[in-house]
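Spelled out from the first residue to the last, the chains are:
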Amino acid sequence: MSLALPDPDRAVLARRDDIVKQLATLVPEAILITDEEGRRTFETDALTAYRCLPLAVVLPSSTEEVSRILRFCHENHVKVVPRGAGTSLAGGALPLEDAIVLCLSRMTKVLAIDVATRTARVEAGITNTGITQAVAAQGFFYAPDPSSQIACTLGGNVATNSGGAHCLKYGVTVNNVQGVRLVLMDGEIVDIGGEHLDASGYDFLALIVGSEGQLGVVTEATVRLIKAPEGARPVLLGFDSTEAAASCVGAIIAAGIVPVAIEFMDRPAIHVCEHFIAAGYPLDVEALLIVEVEGSDDEIEYLLEKIEDIARDHNPATVRRSQNAEESALIWKGRKAAFGAIGQLSDYYCMDGVIPLSKLPKALDEIGWICRKYRFDVANIFHAGDGNLHPLILYNANDPLQLERAEQCGAEILKLCVELGGCLTGEHGVGIEKRELMYVQYSDADLEQQMRIKTVFDPEWLLNPGKVFPLEGRPPQ
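Residues numbered from 1 in each chain as written. Predicted model: local features only at pLDDT ≥ 70, side-chain atom pairs only at ≥ 80, totals over all residues. Heavy atoms only, no water.

Caption draft 1: Here's a closer look at the overall build of the protein chain. Check the secondary structure of the protein chain and you find 17 helices and 20 strands. Here the C-alpha radius of gyration of the protein chain, 23 Å, is about what a compact globule of 477 residues would show, namely 23 Å. By its C-alpha atoms, the protein chain is 70 × 55 × 45 Å across when sized along the principal axes. The buried share among the 477 residues of the protein chain stands at 56%. The long-range share in the protein chain, meaning contacts at least 24 apart out of those at least 6 apart in sequence, stands at 72%. Of the accessible surface of the protein chain, which amounts to about 19400 Å², a share of 51% is contributed by carbon and sulfur atoms. Here the protein chain contributes 41 positively and 66 negatively charged side chains, and the mean placements of these two sets differ by 3 Å. (Helix = DSSP H or I, 4+ residues; strand = E, 2+ residues; numbered from the N terminus. Rg over C-alpha atoms; globule rule 2.2 N^0.38 Å. Buried < 20%, exposed > 50% of the residue type's maximum accessible area, 1.4 Å probe, protein only. Contact = heavy atoms within 4.5 Å. Areas by Shrake-Rupley, 256 points an atom, 1.4 Å probe, with all protein chains shown as cover. Lys, Arg positive; Asp, Glu negative; His and termini not counted. Charge placed at Lys NZ, Arg CZ, Asp CG, Glu CD.)

Have a look at this one:
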């Protein structure tokens, strides 16, 4: 494995029993996991190639408990790794041997719903789906919908600025969170933003969203609610080449149409998903687009006709419009199950990069060439409308040499994204996966400025250590 973790603080390890005892006294209502079997449950996240047994695991049930835990860790120089559901694909919740895992999965309350301001205040451990279920009766929903939306928690979404299939129209997490309650490393509780659309003063909220637990621990958030549309329907567009499908995406956006979603699947992904779900995907095409629009029945018909007209300029092999809600649900069920379906076929390394939409045909061609060079098959499933790529590199996780090659292949793909004018991550975050690639996108001055901000919030660098910033070049801690 090529991604190193920082050396543990031996003095902290030697004080483990005393640290655990004090934590038990400090937050008696919290769940404290100290046995090896229990801690092993938290030794990794969705980047399962990397594992480390944490010092201890604490599951608080309130912001006040989080505050007491962080204050204690600050005073005793104990590192803290915030965690939600552990769905991070970039190693963002990977613990360290001398760190406690602060898991917020018990904090799932809906604290307030205000349809007049179209906001809900919720705890960070609630799932994306849980928010929508809480407000559905009032006719609203919460827009960000990663494929893991049934499991992933809002705190993790805030940490990595997660998106999802339907974020083309409604934006990603930063566009749908209006305020957070943040606990700083010294235990101070601060509120940033709120129910109103634009808080006064500096926009610290945009700094917090996407900061990957480096600046503080988000325990609550005020999220934007969106009125549920009258209806929504997708159309399936199949093409004889990935280039034709990619060009069609650009043409749809260039025509001034903003669908609620444009999802891309290549031939390997289509076949795996169809055999897994039987969603009705065409099996005789090289690439498939799922394009969904919403509105009234008349508006949907008008937009789908325009999209189909645009697609015909790119010679589609298949044009099939969903005819009812059941068929629409099945189409999306196939797409949402894609990562699990491919997991039955092979281990995979899921990448996350962003490119300008105009470079999509070139990016797909280059990704295929890079994977062939490293002797890997690849399946492409991604949010085509906003250029957020998710190539899945298929490899054998039990072969250390294949893992190393897969990481090298992934690094080359991410470098390609930056070369094409994009960036290293769209929604999975940097974590440990892209940590050493930060110099590909940022200059020394850029990273130094980012690290200065980190130091202001967390002077001793105790929060989520070993992530985001390259290990070399960090300030002494």
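Next comes the rest of the description.
Caption draft 2: Structural view of the environment of Gly473. Tracing the chain through its elements places Gly473 in the segment after helix H17 (444–457). Taking the relative accessible area as the measure of exposure, Gly473 reaches 54% and is therefore exposed. Gly473 has contacts with Tyr439 and Met451, leaving out every residue within four places of it along the chain.

Caption draft 3: A look at the sheet that holds strand E3 (residues 79–83). Pairing within the open sheet is mixed, and its four strands lie in the order E1-E2-E4-E3. Of all strands in the sheet, those with a lone pairing partner are strand E1 (31–33) and E3, marking the two edges. With direction set aside, neighbouring strand axes in the sheet form an average angle of 20 degrees. Where strand E2 (residues 56–59) lies against strand E4 (residues 99–103), three bridges are found, and the strand directions are parallel. Bridge pairing in E4 links Ala56 to Ile100. (Pairing = 2+ DSSP bridges. Axes fitted to C-alpha atoms, helices over the stretch in contact; angles between N-to-C directions.)

Caption draft 4: The arrangement of the pattern of salt bridges in detail. In this structure the tally under the stated criterion is 24 salt bridges. Its salt-bridge partner being Arg320, residue Glu327 comes within 2.6 Å of it at the nearest N-O pair. A relative accessible area of 27% means that Arg320 is categorised as partly exposed. When the shortest N-O distance is used, the salt bridge between Asp458 and Lys454 registers 2.8 Å. What emerges from the salt-bridge pattern is a single network uniting Arg233, Glu301, Glu308, Asp309, Arg312 and Arg321. (Salt bridge = Lys/Arg side-chain N within 4 Å of Asp/Glu carboxyl O.)

Caption draft 5: Structural view of the nonpolar core. Leu237, Leu289, Leu360 and Ile393 are the most contacted members of the largest nonpolar core, which totals 63 residues. Tallying contributions element by element places helix H15 (residues 400–419) first for this core, with nine residues. Setting aside residues up to four positions removed in sequence, Leu360 forms contacts with Ala246, Val249, Ile355, Phe382, Ala384 and Leu389. Counting 31 residues, the second-largest nonpolar core is a separate cluster that includes Val272, Ile290, Ala338 and Leu392. (Core = buried A, V, L, I, M, F, W, Y, C linked by side-chain atoms within 4.5 Å.)

Caption draft 6: The arrangement of a nonpolar patch on the surface in detail. A contiguous nonpolar patch, built from Val110, Ile113 and Val115 and spanning about 200 Å² of accessible area, is present on the exposed surface. Within the element layout of this structure, Val115 appears in the loop between strand E5 (110–114) and strand E6 (119–123). For Val115, a relative accessible area of 40% puts it in the partly exposed group. (Patch = residues over 30% accessible without salt bridge, like charges linked within 9 Å, V, L, I, M, F, W, Y side chains within 5 Å.)

Caption draft 7: Geometry of the packing of aromatic side chains. What the rule picks out here adds up to five aromatic pairs. Ring geometry for Phe141 against Tyr170: centres 5.5 Å apart, planes inclined by 80 degrees, an arrangement best described as edge-to-face. Residue Phe141 is found in strand E7 (residues 140–141), and its partner Tyr170 is found in helix H7 (residues 167–170); the two are separated by 29 residues along the sequence. The same class applies to Phe141 as to Tyr170, namely buried. (Phe/Tyr/Trp six-rings, centres within 6.5 Å; stacked < 30°, edge-to-face > 60°.)

Interpretation in functional terms is not warranted from these geometric data alone.
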